[in-house]
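# Structural overview for review
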Amino acid sequence: MRFDREVVKVEEAQKRIQPYIRAGQTETVTLQQSFGRYLAEDIYANVDLPHFHRSGMDGFAIRSADTKGASRENPVWFKVIETIPCGVVPQQEVKPGTASRIMTGAAVPDGADAVVMLEMTQTAEKDGTVFMSLQREISPGQNIAPAGSEVKQGTLLLRGGRKINAGEVAVLATFGCHTVKVYRQPRVAIFATGSELLSIESPLEPGKIRNSNSHMLASLVREAGGLPLIRETLPDDVDRARTAILNAFDDADLVISTGGVSVGDYDILVDIFEHWDGKMLFNKLAMRPGSPTTVGVRNDTFLFALSGNPGACFVGFELFIRPVLQGMQGKTTHDLAVFTATMAEDFPKPSPFTRFVRGIREVKDGKVFVKPAGIEKSSITLTIKDADCLIIVPPGGRGVSAGQMVKAIPVKGRE
Ligand SMILES: Nc1nc2c(c(=O)[nH]1)N[C@H]1C(S)=C(S)[C@@H](COP(=O)(O)OP(=O)(O)OC[C@H]3O[C@@H](n4cnc5c(N)ncnc54)[C@H](O)[C@@H]3O)O[C@H]1N2
Ligand code: MOO
Ligand SMILES: [Mg+2]
């Protein structure tokens, strides 16, 4: 039973997961709290942007027609009738032969159809009146952003399901969205399994290791917009683990376990799945690392049983859990963003299964290159911190040689 698992391709595994992804509930938060969350409403421009004709320069608002024929030899003179700082409504209409002093960002007065930069002008004062002269023709519209030129009222600005980063916050603030409807953060219970695991506070003991996976997973969950709930570390005791994991379904929106999914005598997740009262989607993948990754659904809630090997645990999260967490927060496309790059180094490691190699992306002379982040082994932790992509090495053959084109999946934000 333990040994004859159906081997499923990664794409097939993703296909089996997708029907169970559901957008969660929503809540309203302040704009500041919305950063990093996923928008749960479509946002439309509730006004033109800018909502008045806006000057793009410090200078003078004029009628461009007045500058016809202006030259060094034949300057035109304007009577300055008003000074318009930002934030005020101009009081005077600019009539032929007049100009208003205006600041960057101020409202252009009626009558004016151009703003001329201060540096292009000369001023003179006579009997308490200021005059301004220009020595060139100015075309209509210069240095004016007409109302609605950036975006018209009623335009769709942001679609629901979009992650709110700094740019989205700027848009929301611009349109006065001081509260924002966002998806509730999925609550993700995280269990580490293995009698060898020590808490991070504990001194090392012979044969034991610290539980790094729970903390890595919690960080990945947070990065993907979820709320991590690090649960107890479970010893290799099936009954205890089953009770703890099943109890987590009561208050978590998604459950992750790490370790105990292979064919070892103490690989207890396998026992749990043998008596699983939900649906088991797959328990063996045609991929490395993480081939024994097992995923089930129970009461509409996922249990992602990731491998205990840190590299496999990381890859399992990126390929399967991150898209699900995004989908639970309204993202409607679940495909991973794949890019093409040139391999910068040989990777002479053949594999019967597709391999997702922790990699580093570099741009040289405008070309994208990728290279392995270090020794590619499922048990290795240190390369996770350096990986900004997963290089997809196809199965069979002899690995990949330098210069060959490969596909890769970006991981770890946009830094
Ligand atoms: N005879 C076979 N042995 C193995 C096979 C196989 O097909 N036949 N598959 C190998 C592959 S591939 C993988 S991947 C691992 C999967 O192991 P498990 O998911 O069962 O994980 P464990 O056995 O519990 O632990 C593996 C490894 O990872 C360490 N670990 C576990 N939890 C943590 C944690 N929270 N933080 C840090 N490190 C952790 C654990 O101590 C082990 O060293 O199985 C292969 N074996
Ligand atoms: O499927 Mo494993 O993660 O290669 O050692
Ligand atoms: Mg094992």
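Thresholds applied
- Residues numbered from 1 in each chain as written.
- Chains lettered and ligands numbered in written order.
- Predicted model: local features only at pLDDT ≥ 70, side-chain atom pairs only at ≥ 80, totals over all residues.
- Heavy atoms only, no water.
- Helix = DSSP H or I, 4+ residues; strand = E, 2+ residues; numbered from the N terminus.
- Rg over C-alpha atoms; globule rule 2.2 N^0.38 Å.
- Buried < 20%, exposed > 50% of the residue type's maximum accessible area, 1.4 Å probe, protein only.
- Areas by Shrake-Rupley, 256 points an atom, 1.4 Å probe, with all protein chains shown as cover.
- Pairing = 2+ DSSP bridges.
- Axes fitted to C-alpha atoms, helices over the stretch in contact; angles between N-to-C directions.
- Contact = heavy atoms within 4.5 Å.
- Polar contact = N/O pair within 3.5 Å; in protein donor to acceptor, adjacent residues only side chain to side chain.
- pLDDT = per-residue confidence, 0-100.
- Core = buried A, V, L, I, M, F, W, Y, C linked by side-chain atoms within 4.5 Å.
- Domains from an automatic or database assignment.
- Expected span 1.5 Å × (residues − 1).
- Bend = angle between axes of the 7 residues up to and from the residue.
- Donors = N, O, S within 2.8 Å, 3.2 Å for Na, K, Ca; no water.
- Near = heavy atom within 4 Å.
- Nonpolar A, V, L, I, M, F, W, Y, C, P; charged D, E, K, R; others polar.

### Quick word on the overall build of the protein
Secondary structure assignment for the protein yields seven helices and 26 strands. A compact globule built from 415 residues would reach a C-alpha radius of gyration of about 22 Å, whereas the protein, at 31 Å, exceeds it by more than 25%. Taking the principal axes of its C-alpha atoms as reference, the protein extends roughly 100 × 50 × 40 Å. By the burial criterion, 46% of the 415 residues in the protein qualify as buried. In the structure as shown, the protein presents an accessible area of about 20500 Å², 51% of it carried by carbon and sulfur atoms.

### Overview of the sheet that holds strand β20 (residues 294-298)
Strand order in the open sheet formed by six strands is β16-β13-β17-β21-β20-β18, with mixed pairing between adjacent strands. The sheet terminates laterally at β16 (227-234) and β18 (279-282), the two strands that pair on one side only. On average, each strand axis in the sheet is inclined to that of its neighbour by 20°, with strand direction left out of account. Sheet analysis places β20 next to strand β21 (residues 301-306), joined by five bridges and oriented antiparallel. Paired with Thr294 across the bridge in β21 is Ala305. Along the sheet face, helix α7 (residues 310-328) touches β13 (187-193), β17 (254-258) and β21 and points at about 165° away from the line of β21.

### Describing the side chain of Asn211
Following the sequence through the fold, Asn211 ends up in the loop between β15 (209-210) and α4 (213-223). In this structure Asn211 comes out as buried when scored by relative accessible area, which is 6%. Within the structure, the side chain of Asn211 is placed 3.3 Å from the backbone nitrogen of Asn213, a separation counted as a polar contact. Here the side chain of Asn211 touches Ser214 through a polar contact of 2.9 Å, side chain to side chain.

### Details of the confidence of the model for the protein
Per-residue pLDDT for the protein averages 96, and the proportion of residues at 70 or more is 99%. Taken together, the chains of this predicted complex give a pTM of 0.91 and an interface ipTM of 0.98.

### Points about the nonpolar core
Ranked by internal contacts, the top residues of the largest apolar core, which has 40 residues, are Ile17, Leu254 and Phe302. If one sorts the elements of this core by residue count, α7 sits on top with 10 residues. The two domains that each donate at least three residues to this core are domain 1 (10-25 + 185-327) and domain 4 (339-409). Apart from residues no more than four positions distant in its own chain, Leu254 is found in contact with Arg187, Val188, Ala189, Thr301, Phe302, Phe304, Ile321, Val324, Leu325 and Met328.

### As for the sheet that holds strand β8 (residues 121-126)
Strand order across the open sheet formed by six strands is β7-β4-β6-β5-β9-β8, with mixed pairing between neighbours. Because the sheet does not close on itself, it has two edges, and the strands there are β7 (114-117) and β8. Along the sheet, successive strands turn relative to each other by an average axial angle of 40°, direction set aside. Pairing between strand β5 (residues 76-84) and strand β9 (residues 129-134): four bridges, direction antiparallel. Bridge pairing links Lys79 to Phe131 in β9.

### Focus on α7
Along an α-helix, a turn takes 3.6 residues, which lines up residues three or four apart on a common side. With 19 residues, α7 should reach 27 Å at 1.5 Å per residue; the first-to-last C-alpha distance of 25 Å fits that figure. Along its length, α7 reaches its greatest deviation from straightness, about 40°, at Glu318. The buried fraction of α7 is high, at 19 of 19 residues. A positive phi of about 95° marks Gly330, the residue just after α7.

### A look at the coordination of the magnesium ion (ligand 3)
At this site the magnesium ion (ligand 3) is bound by Asp267 (OD) and Asp267 (OD), with donor distances of 2.3 to 2.5 Å. Of note, Asp267 is situated in the loop between β17 and α6 (268-274).

### A closer look at the site of ligand 1
Near ligand 1 lie 22 residues; those nearest to it are Glu196, Asn211, Gly260, Val261 and Gly308. Note that an oxygen atom of ligand 1 is positioned 3.4 Å from one of the side-chain N or O atoms of Ser307. Isolated, ligand 1 exposes 870 Å² of accessible area, and the fraction of that covered by the protein chains is 68%. Secondary-structure elements contributing two or more residues to the shell around ligand 1 are β13 and β15. In terms of residue class, the shell around ligand 1 is made up of six nonpolar, 12 polar and four charged.

### Structural notes on the environment of Lys284
In this fold, Lys284 is placed in the loop between β18 and β19 (287-288). Through-space distance from the C-alpha of Lys284 to that of Val8 is 6.1 Å; in sequence the pair is 276 residues apart. If we skip the residues at most four places from it in the chain, Lys284 touches Arg5, Glu6, Val7, Val8, Ser291 and Thr293.

### Side note on the site of ligand 2
Looking at ligand 2, the residues that line it are Arg288, Pro289, Gly290, Ser291, Pro292, Asn309, Ala312 and Ser378. Ser291 places a polar main-chain atom, nitrogen or oxygen, 2.6 Å from an oxygen atom of ligand 2. Residue Ser378 places a side-chain N or O atom 2.5 Å away from an oxygen atom belonging to ligand 2. Grouping the constituent residues of the shell around ligand 2 by class yields three nonpolar, four polar and one charged.

### Observations concerning the environment of Ser149
On the secondary structure map, Ser149 appears in the loop between β10 (144-145) and β11 (156-158). Expressed as a C-alpha distance, the spacing of Ser149 and Gly176, which sit 27 residues apart in the sequence, is 19 Å. Of the polar contacts made by the side chain of Ser149, one reaches the backbone oxygen of Pro146; its length is 2.7 Å.

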